Amino acid sequence: MSSHDERLSAVKKDYLVNLAKKGKRLDGRGPDEYRPITIEKHLIKNAEGSAKVTIGNTMVMAGVKLDVGEPYPDTPEEGAMTTSAELPPIASPTFETGPPREDAIELARVVDRGIRESKFIKLDQLCITPGEEVWIVFIDLHVLDYDGNLFDACSLAASAALQDAIIPGERLGKGENRPLPLGSPPISCTFAKYADFIVVDPRLEEDEVAEARHTIALDENGDLRAMQKGLTGSFTVEEIKNNIKRAQIHAKNIRKLLEE
Amino acid sequence: MLIKDGIRMDGRKPDELRPIKIEAGVLHRAQGSCYLEWGGNKVMAAVYGPREAIPRHIQHPLKAVINARYNMVPFSVSDRKRPGPDRRSVEISKVTSEALEHVVFTGLFPRTMIDVCIEVLGAEAGTRCAGLTAAAVALADAGIPMRDLPVACAAGKIDGTVVLDLAGDEDCEGEADMPIAIAPRTEEILLMQMDGHMTYQEFEEALELALKGCREVSKLQKEALLRKYETKNEVAP
């Protein structure tokens, strides 16, 4: 980061902090308000499942592909899943081409943990021949427009694309096509903290000045399935507990959007 | 069955840590170092720097960059691990760097980087906590100015019981794992990850346990640092 960016970010931060003191955010939202969320499914013909999610101006496309592969030795009768994320240059002037770097890897792994730990994909129903052949589910997240809060946008896009996905039995000569067996999706809620102000669904400027980030993935009972604290700042124990309680309320509302 | 009559498979009570041994200043070339054993985990950490940050584009005009690299050696796990960074170690390196950066007075060393090398020589669940705990001691041993000595510990859930410091099979077959790192003086949370399934009540219980674990390990870190200087005094003429 150049000194110019540094000054700009300091100015931006001052502005955001002054707003925060009045309990306000750049776009007039309260600290506990999400931007509008849209979910569109079934957009890409060649994908087994696909979805586009927007949260405010942030836009993420998720695609699901299935392939036949070998199971892991310790789970011979279960399918497998993998999640990858790309932050391509189309989405932001600060994104660069090349293999995924640590930001993209962290993002993909946090989304993956939410889906995996909530047992959203019923991997035990993805066995073809025990120990030999199972279905492998590939979730690919492609960020198209970066205006903050990629964690929630990617998690939501992944869940929506999975809901849209079929098992392509016919294409791969493994029986009839059928829907991907699913349980209940995880809902991810992300908070950003700057100057002791904690906001849900940080937009770009808030992401940029954030000192600490907390992502919480909840199941349909509001139980915790995955969490990640990120960035160099810290949270107090009380702040962490508070974030979880706030997330439990948001998750209920967001879950309705996925069920529509 | 991972827990029976309140006793775990390795004989521990739910709120008991595995045996931990910490030694500061064990390497010659590094500016600071630490060897740590935590149950079956064997971890070596070393610190180089502050030194000029290279490549130059990673330099920060106002502060030092903390560059922690968590690495598992190929023979540290039962199935050989392919050498080099995988996605898991990239993520752990990132969250560890971020946690350490919070306590280092990075503003004193603009345009530099402080390299923190964490080599997991033997692994048995909880390596990221062991690595971060060792890295903190190595940073102190290197004389890097810090506002606190970070410490990490995990709590989780096995057979429906919230327990401290998951080991071996508990990690593979347990229901939840939550590693945290704190700055012990203020008990701010510097690192927190969680996977598995916990209700909010179980989470609160696990957090309490993990904090208790951190406090215990924190004592051992400080003892290790003091011990290094005691030995030095003995050999001095």
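Please refer to the structure higher up on the page.
Residues numbered from 1 in each chain as written. Chains lettered and ligands numbered in written order. Predicted model: local features only at pLDDT ≥ 70, side-chain atom pairs only at ≥ 80, totals over all residues. Heavy atoms only, no water.

Student: How would you summarise the interface of chain A and chain B if you had to cite specific residues and measurements?
Tutor: Contacts between chain A and chain B engage 37 residues on the former and 33 residues on the latter. For the pair chain A and chain B, the two sides together bury roughly 3,100 Å², of which 56% comes from carbon and sulfur. For chain A, the biggest contributors to the area lost against chain B are R109(A), K229(A) and T232(A); these three give 18% of the whole. Viewed at the interface, chain B and chain A are joined by 5 salt bridges. Across the salt bridge formed by E204(B) and K241(A), the nearest N and O atoms sit 3.5 Å from each other. Counting across the interface, chain A meets chain B through 19 residue pairs in polar contact (both at pLDDT 80 or more). Contributions of two or more residues to the side of chain A that touches chain B are made by helix 1 (3-21), strand 4 (80-86), helix 2 (102-117), strand 12 (224-230) and helix 5 (237-259) of chain A. For the side of chain A that touches chain B, the element with the highest residue contribution is helix 2 of chain A, accounting for 9 residues. (Contact = heavy atoms within 4.5 Å. Buried area = accessible area lost by both parts, 1.4 Å probe. Salt bridge = Lys/Arg side-chain N within 4 Å of Asp/Glu carboxyl O. Polar contact = N/O pair within 3.5 Å; in protein donor to acceptor, adjacent residues only side chain to side chain. Helix = DSSP H or I, 4+ residues; strand = E, 2+ residues; numbered from the N terminus.)

Student: So, the sheet that holds strand 11 (residues 212-218) of chain A: which residues are in play, and what are the values?
Tutor: Pairing is antiparallel across the open sheet formed by 8 strands, whose spatial order is 10(A)-9(A)-11(A)-12(A)-11(B)-10(B)-8(B)-9(B). The open sheet has two free edges, formed respectively by strand 10 (197-200) of chain A together with strand 9 (161-164) of chain B, since each of these has just one partner strand. Averaged over all pairs of adjacent strands, the angle between their axes in this sheet comes to 20 degrees, without regard to strand direction. Bridge count for strand 10 (residues 176-183) of chain B against strand 11 (residues 188-198) of chain B is 6 bridges, and the pairing is antiparallel. Its bridge partner being in strand 11 of chain B, I182(B) is matched across the sheet by I189(B). Helix 2 of chain A contacts strand 11 and strand 12 of chain A together with strand 11 of chain B of the sheet and is inclined by roughly 165 degrees relative to strand 12 of chain A. The sheet contacts of helix 1 (residues 87-103) of chain B involve strand 12 of chain A together with strand 10 and strand 11 of chain B, and relative to strand 11 of chain B the element is tilted by about 145 degrees. (Pairing = 2+ DSSP bridges. Axes fitted to C-alpha atoms, helices over the stretch in contact; angles between N-to-C directions.)

Student: Give me the environment of A91(A): which residues, what numbers.
Tutor: Residues and elements named next belong to chain A. Looking at the element boundaries, A91 is found in the loop between strand 4 and helix 2. Owing to a relative accessible area of 6%, A91 belongs among the buried residues under this scheme. In this structure, the C-alpha to C-alpha distance between A91 and L144, residues 53 residues apart in sequence, is 4.5 Å. Residues within four places of A91 in sequence aside, it is in contact with V143, L144, D145 and Y146. (Buried < 20%, exposed > 50% of the residue type's maximum accessible area, 1.4 Å probe, protein only.)

Student: Any details on the packing of aromatic side chains? Residues and values, ideally.
Tutor: Under the criterion given, the structure shown has 3 aromatic pairs over all chains. Aromatic side chains F95(A) and Y146(A) sit 5.3 Å apart centroid to centroid with 25 degrees between the ring planes, which places their arrangement in the stacked category. Here F95(A), found in the loop between strand 4 and helix 2, pairs with Y146(A), found in the loop between strand 6 (133-145) and helix 3 (150-164); they are 51 residues apart in sequence, far enough to count as distant. In this structure, F95(A) and Y146(A) share a single accessibility class: buried. Residues Y200(B) and F203(B) carry aromatic rings whose centres are separated by 5.9 Å and whose planes lie at 40 degrees to one another, so their mutual orientation is tilted. (Phe/Tyr/Trp six-rings, centres within 6.5 Å; stacked < 30°, edge-to-face > 60°.)

Student: Tell me about the side chain of K94(B), residues and numbers included.
Tutor: Tracing the sequence through the fold places K94(B) in helix 1. Among the residues examined, K94(B) registers a relative accessible area of 5% and is labelled buried. The residues contacting K94(B), other than those within four sequence positions of it, are E102(A), D103(A) and E106(A).

Student: A description of the state of the cysteines should follow, citing residues and the corresponding values.
Tutor: All names here are of chain A. The full count for this structure, using the stated rule, is 0 disulfides over all chains. Considering cysteine sulfurs only, C189 is the nearest to C154, which forms no disulfide, with 15 Å between them. Using a relative accessible area of 0% as the deciding quantity, one classes C154 as buried. (Disulfide = S-S within 2.5 Å.)

Student: Got a sec to walk through the pattern of salt bridges? Specific residues and values, please.
Tutor: All names here are of chain A. Counted by the stated rule, this structure contains 42 salt bridges over all chains. In this structure, the salt-bridge partner of E211 is K13, at a minimum N-O distance of 2.6 Å. One end of the pair, E211, is in the loop between helix 4 (204-209) and strand 11; the other, K13, is in helix 1, and 198 residues separate them in sequence. A residue is classified by how much of its surface remains accessible, and K13, at 25% relative accessible area, is partly exposed. For E48, the salt bridge is made with R171, and the minimal N-O distance between the two is 3.1 Å. Of this pair, E48 sits in the loop between strand 1 (37-41) and strand 2 (49-55) while R171 is found in the loop between strand 7 (166-167) and strand 8 (178-179), placing the two residues 123 residues apart along the sequence. R171 gets classed as partly exposed once you look at its relative accessible area, which sits at 49%. Here the salt bridges do not stand alone but share partners, grouping R25, D27, R29, R35, D147, D201, R203, E205 and E206 into one network.

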